[in-house]
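Read off the chains here:
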Amino acid sequence: GENVEQHPSTLSVQEGDSAVIKCTYSDSASNYFPWYKQELGKRPQLIIDIRSNVGEKKDQRIAVTLNKTAKHFSLHITETQPEDSAVYFCAASRAGNNDMRFGAGTRLTVKP
Amino acid sequence: DTGVSQDPRHKITKRGQNVTFRCDPISEHNRLYWYRQTLGQGPEFLTYFQNEAQLEKSRLLSDRFSAERPKGSFSTLEIQRTEQGDSAMYLCASSPRGQGSGNTIYFGEGSWLTVV
């Protein structure tokens with residue numbers, strides 16, 4: 001089955017700096033890669049996703065890149081703000097995503 | 001609020017008791033999922049329904065766990081003879097009919113279970 005590894009587990013940056021979180025996956029058939037943001041005690045919320053037919057996707061300050069050959073994908077947050085502080089999870093699944101696998105999460109702290 | 005809703009949000013129970021959680025998915029979504037999340041970990045898949053049919057179950061779902069979705073709308077997750085290791089947040093999620101390569105799944109706020 002799919003195995004998703006995520007690093008770093010914790011990341012602290014200064015407000016305005018960029019943050020990068022990386023994930024690797026094991027199942028070469030995986031073709032859907034979402035990223036979720038979870039604030040303490042809240043639900044995971046989708047912030048961006050990418051499908052295997054594209055290599056990069058951007059939405060304002062957030063971007064995701066995918067390298068299918070190396071089986072890794074990354075989340076990039078530019079101009080970080082204190083409200084970006086949360087736990088971020090990557091995930092991977094095949095078509096139908098009946099069993100989406102999540103990484104262990106990265107706790108991002110943006111210091112004002 | 002038209003998102004995924006879960007009830008109760010918090011439950012404290014004594015070891016050995018049974019508990020039941022309810023999930024109401026987004027109304028037009030035919031797929032429903034249950035995940036479990038412990039502190040410091042990502043959500044772990046438990047089971048999946050397409051309409052009323054339970055199509056997949058994780059090995060994490062022991063025989064003390066049972067999930068139903070009788071009319072293809074809301075779902076219940078029951079844990080019998082709870083153990084302290086069952087303490088976790090139980091997340092429900094839903095997604096619309098398949099679009100080919102993967103569907104966006106939307107999570108509820110979760111049901112926190114504490115077994116004492």
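Residues numbered from 1 in each chain as written. Chains lettered and ligands numbered in written order. Predicted model: local features only at pLDDT ≥ 70, side-chain atom pairs only at ≥ 80, totals over all residues. Heavy atoms only, no water.

Visitor: Explain the overall build of chain A to me, using residue names and the numbers behind them.
Guide: Helix and strand content of chain A: zero helices and eleven strands. Helices and strands appear in chain A in the N-to-C order β-β-β-β-β-β-β-β-β-β-β. Scaling as 2.2 N^0.38, a compact globule of 112 residues should have a C-alpha radius of gyration of about 13 Å, and chain A matches this with 13 Å. Across the 112 residues in chain A, those meeting the buried criterion constitute 46%. Element-wise, carbon and sulfur atoms account for 45% of the exposed surface of chain A, whose accessible area totals about 5,400 Å². Within chain A, the 13 negative side-chain charges are centred at a point lying 4 Å from the centre of the 14 positive side-chain charges. (Helix = DSSP H or I, 4+ residues; strand = E, 2+ residues; numbered from the N terminus. Rg over C-alpha atoms; globule rule 2.2 N^0.38 Å. Buried < 20%, exposed > 50% of the residue type's maximum accessible area, 1.4 Å probe, protein only. Areas by Shrake-Rupley, 256 points an atom, 1.4 Å probe, with all protein chains shown as cover. Lys, Arg positive; Asp, Glu negative; His and termini not counted. Charge placed at Lys NZ, Arg CZ, Asp CG, Glu CD.)

Visitor: Summarise the nonpolar core; cite the residues concerned and give the values.
Guide: Counting residues in hydrophobic clusters, the biggest one holds 23 residues, and the most contacted among them are Trp35(A), Phe73(A), Leu75(A) and Leu108(A). Only strand E2 (10–14), strand E3 (19–25), strand E4 (32–38), strand E5 (45–51), strand E7 (62–67), strand E8 (72–77), strand E9 (86–92) and strand E11 (106–111) of chain A provide two or more residues apiece to this core. If you look at the next biggest cluster of nonpolar residues, it comprises 19 residues, including Trp34(B), Leu61(B), Cys92(B) and Leu113(B). (Core = buried A, V, L, I, M, F, W, Y, C linked by side-chain atoms within 4.5 Å.)

Visitor: Explain the pairing of strand E3 (residues 19–24) of chain B residue by residue, including any values.
Guide: Along any regular strand the residues' side chains alternate between the sheet's two faces. Residues and elements named next belong to chain B. Of the two faces of E3, only the one carrying Val 19, Phe 21 and Cys 23 is buried; Thr 20, Arg 22 and Asp 24 on the other face are not. Where strand E1 (residues 5–7) and E3 come together, three bridges link them in antiparallel fashion. The residue bridging Gln 6 from the neighbouring strand is Cys 23, located in E3. Inspection of the sheet shows E3 paired to strand E8 (residues 75–79) by five bridges, in the antiparallel sense. Bridge pairing links Phe 21 to Leu 77 in E8. (Pairing = 2+ DSSP bridges.)

Visitor: So what's going on with the pattern of salt bridges? Which residues, and what values?
Guide: The full count for this structure, using the stated rule, is eight salt bridges over all chains. Among the charged side chains, a network of salt bridges with common partners joins Arg64(B), Glu83(B) and Asp86(B). (Salt bridge = Lys/Arg side-chain N within 4 Å of Asp/Glu carboxyl O.)

Visitor: Lay out the interface of chain B and chain A with the relevant residues and their values.
Guide: Chain B puts 26 residues into the contact, and the matching count from chain A is 22 residues. Taken over both partners, the interface formed by chain B and chain A buries close to 2,000 Å², and the fraction arising from carbon and sulfur atoms is 45%. Linking chain B with chain A are one salt bridge. At the boundary of chain B with chain A, the tally comes to seven residue pairs in polar contact (both at pLDDT 80 or more). Secondary structure elements with two or more residues in the side of chain B that touches chain A: strand E4 (31–37), strand E5 (44–50) and strand E9 (88–95) of chain B. (Contact = heavy atoms within 4.5 Å. Buried area = accessible area lost by both parts, 1.4 Å probe. Polar contact = N/O pair within 3.5 Å; in protein donor to acceptor, adjacent residues only side chain to side chain.)

Such coordinate-based values are descriptive only and should not be taken to indicate function.
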